[in-house]
Amino acid sequence: MKTEVKICGLKTAEAVERAVALGASHTGFIFFPKSPRNIEPDDAGHLADRIRGQAKIVAVTVNADNDELDEIVSALNPDILQLHGSEDPERLLTVKAMYGLPVMKALSVRDASDLERIDPYIGIADRFLFDAKPPQGSDLPGGNGVSFDWKLLDALDGSVDYMLSGGLNASNIGEAMVQTRARAIDISSGVESAPGVKDLKLMESFFNAVRQAEAGMPRSGSRT
């Protein structure tokens, strides 16, 4: 099975179109004012229209209220909502009921106990995204360019569907894929020349590294 790749924090037509041309399965648009990747809903909607139907469109929010979500969903018409804040299972149920969209819940990981936090979300979240806990002093829940110990995922139930995120780049993605057998990966800062600025050459190098890793990996018995 081909690895799913989500390029997150897209802000320009050039980057969106190149991501899809390279094989991105998901395109992520971030709605969080503190992020250098923040984008206005209308602008994101125009960009998404360029590749709609070619890749899944993901709206990334952080503890967004109903009014914010209404504006985002109306302008972007996303395929998936990614909740990257402290949203509890009840909030996920509410959001799913409001919009009838799949919800991906992001959880930050530093040690084994952090993975236990998925239990209340099982059966509610349609997918998880495992990111590294932000470094001290960071205002961003993700996109910090740091990774976590992938060995922690060895204890994860194989039925858990997740995207691997956090500090991924062309240099380490092969190791990450071999170690975790993740079938879906998420990258943002690892393909940037500066915070919020996607670098097309880095994107190409990343996809090349993913495909090289796939070519050398046995896929039978791997977890999702």
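As the structure is a computational prediction, the values presented were derived from the model and not from experiment. (Residues numbered from 1 in each chain as written. Predicted model: local features only at pLDDT ≥ 70, side-chain atom pairs only at ≥ 80, totals over all residues. Heavy atoms only, no water.)

**Some points on the packing of helix H1 (residues 13–22) against helix H7 (residues 200–215)**
Heads up, the rule is: To obtain each axis, a line is fitted to C-alpha atoms, and for helices this fit is confined to the stretch in contact; angles are then taken between N-to-C directions over 0 to 180 degrees. Per the convention used, a helix needs a DSSP run of H or I reaching at least four residues, while a strand needs a run of E reaching at least two, with both numbered from the N terminus. Geometric relationships in this document are graded by angle, where less than 35 degrees denotes roughly parallel, more than 145 denotes roughly antiparallel, 65 to 115 denotes roughly perpendicular, and other angles denote oblique. A clockwise turn of the near helix away from the far one marks a right-handed crossing, whereas an anticlockwise turn of less than a right angle marks a left-handed crossing. By definition, residues are in contact when any of their heavy atoms lie within 4.5 Å. Think of it as three bins: nonpolar holds Ala, Val, Leu, Ile, Met, Phe, Trp, Tyr, Cys and Pro, charged holds Asp, Glu, Lys and Arg, and polar takes everything else, Gly as well.
At a minimum axis distance of 10 Å, the contact between H1 and H7 shows a crossing angle of 20°. The orientation of H1 with respect to H7, classified from their angle, is roughly parallel. Our pair here, H1 against H7, has a crossing hand that is right-handed. For the pair H1 and H7, the contacting residues are Glu14, Ala15, Arg18, Ala19 and Leu22 in the first and Leu200, Met203, Glu204, Phe207 and Arg211 in the second. Across the contact of H1 with H7, the residue classes tally to 6 nonpolar, no polar and 4 charged.

**Brief notes about the packing of H1 against helix H2 (residues 41–51)**
If you want to describe how two helices pack, look at the angle between their axes and the distance between the axes. One can describe the packing of H1 onto H2 by two numbers: an axis separation of 9 Å at closest approach and a directional angle of 30°. Along this stretch, H1 crosses H2, giving a crossing that reads as right-handed. Note on element contacts: H2 touches H1 through Leu47, Arg50 and Ile51, opposite Ala13, Val16, Glu17 and Val20. Broken down by class, the residue content of the contact of H1 with H2 amounts to 5 nonpolar, no polar and 2 charged.

**What to know about the pattern of salt bridges**
Pairs can form between side chains of opposite charge once their charged atoms are near each other. Heads up, the condition is: The term salt bridge refers to a side-chain nitrogen of Lys or Arg lying within 4 Å of a carboxyl oxygen of Asp or Glu. When a residue's accessible area, from a 1.4 Å probe over protein chains only, is under 20% of the maximum for its type it is buried; when over 50% it is exposed; and in between it is partly exposed.
Inspection of every chain in the model, using the stated rule, returns 11 salt bridges. For Arg18, the salt bridge goes to Glu204, with nearest N and O atoms at 3.6 Å. Of the two residues, Arg18 sits in helix H1 while Glu204 sits in helix H7, which places them 186 residues apart along the sequence. Classification of Glu204 as partly exposed rests on a relative accessible area of 34%. Glu192 is the salt-bridge partner of Lys198, the closest N and O atoms lying 2.6 Å from each other. Judged by its relative accessible area of 13%, Lys198 falls in the buried class. The buried category is assigned to Glu192, whose relative accessible area is 10%. What you see here is one network of salt bridges that share partners, running through Glu4, Arg127 and Asp161.

**A look at the nonpolar core**
The line we're drawing: The criterion is simple. A nonpolar core is a set of buried Ala, Val, Leu, Ile, Met, Phe, Trp, Tyr and Cys residues joined through side-chain atoms within 4.5 Å.
Judged by nonpolar contacts, the single largest core of 64 residues is most densely connected at Phe29, Phe130 and Leu164. When near neighbours in sequence (up to four residues on either side) are disregarded, Leu164 contacts Phe130, Phe148, Trp150, Leu153, Ala176, Thr180, Ala182, Ala184, Ile185 and Asp186. Counting residues in hydrophobic clusters, the runner-up holds 12 residues, among them Ile30, Met104, Ala106 and Met163.

**Remarks on the side chain of Thr61**
Of note, Thr61 is situated in strand S3 (residues 56–61). Overall, Thr61 belongs to the buried group, its relative accessible area being 2%. Ignoring any residue separated from it by four or fewer positions in sequence, one finds Thr61 in contact with Phe31, Leu69, Ile72, Gln82, Leu83, His84, Gly85 and Glu87.

**A closer look at the side chain of Glu192**
In plain terms, the rule: We call two N or O atoms a polar contact when they sit within 3.5 Å, provided that within protein one can donate a hydrogen and the other can accept it, with sequence-adjacent residues counted only if both atoms are side-chain atoms.
Its place among the elements puts Glu192 in strand S9 (residues 192–194). Side-chain polar atoms of Glu192 contact the backbone nitrogen of Gly196, separated by 2.9 Å. One polar contact links Glu192 to Lys198, side chain to side chain, over a distance of 2.6 Å. Excluding anything up to four places from it in sequence, Glu192 contacts Arg37, Val197, Lys198, Asp199 and Leu202.

**Regarding the confidence of the model for the protein**
It should be kept in mind that the predicted coordinates are not to be read in detail where pLDDT is low. The line we're drawing: Residue-level confidence of the predictor, termed pLDDT, takes values from 0 up to 100.
Taken residue by residue, the protein gives an average pLDDT of 91. The fraction at 70 or more is 91%. Ignoring residues within four places in sequence, the model shows residues 220–224, a span with pLDDT below 50, making 16 contacts including any to other chains.

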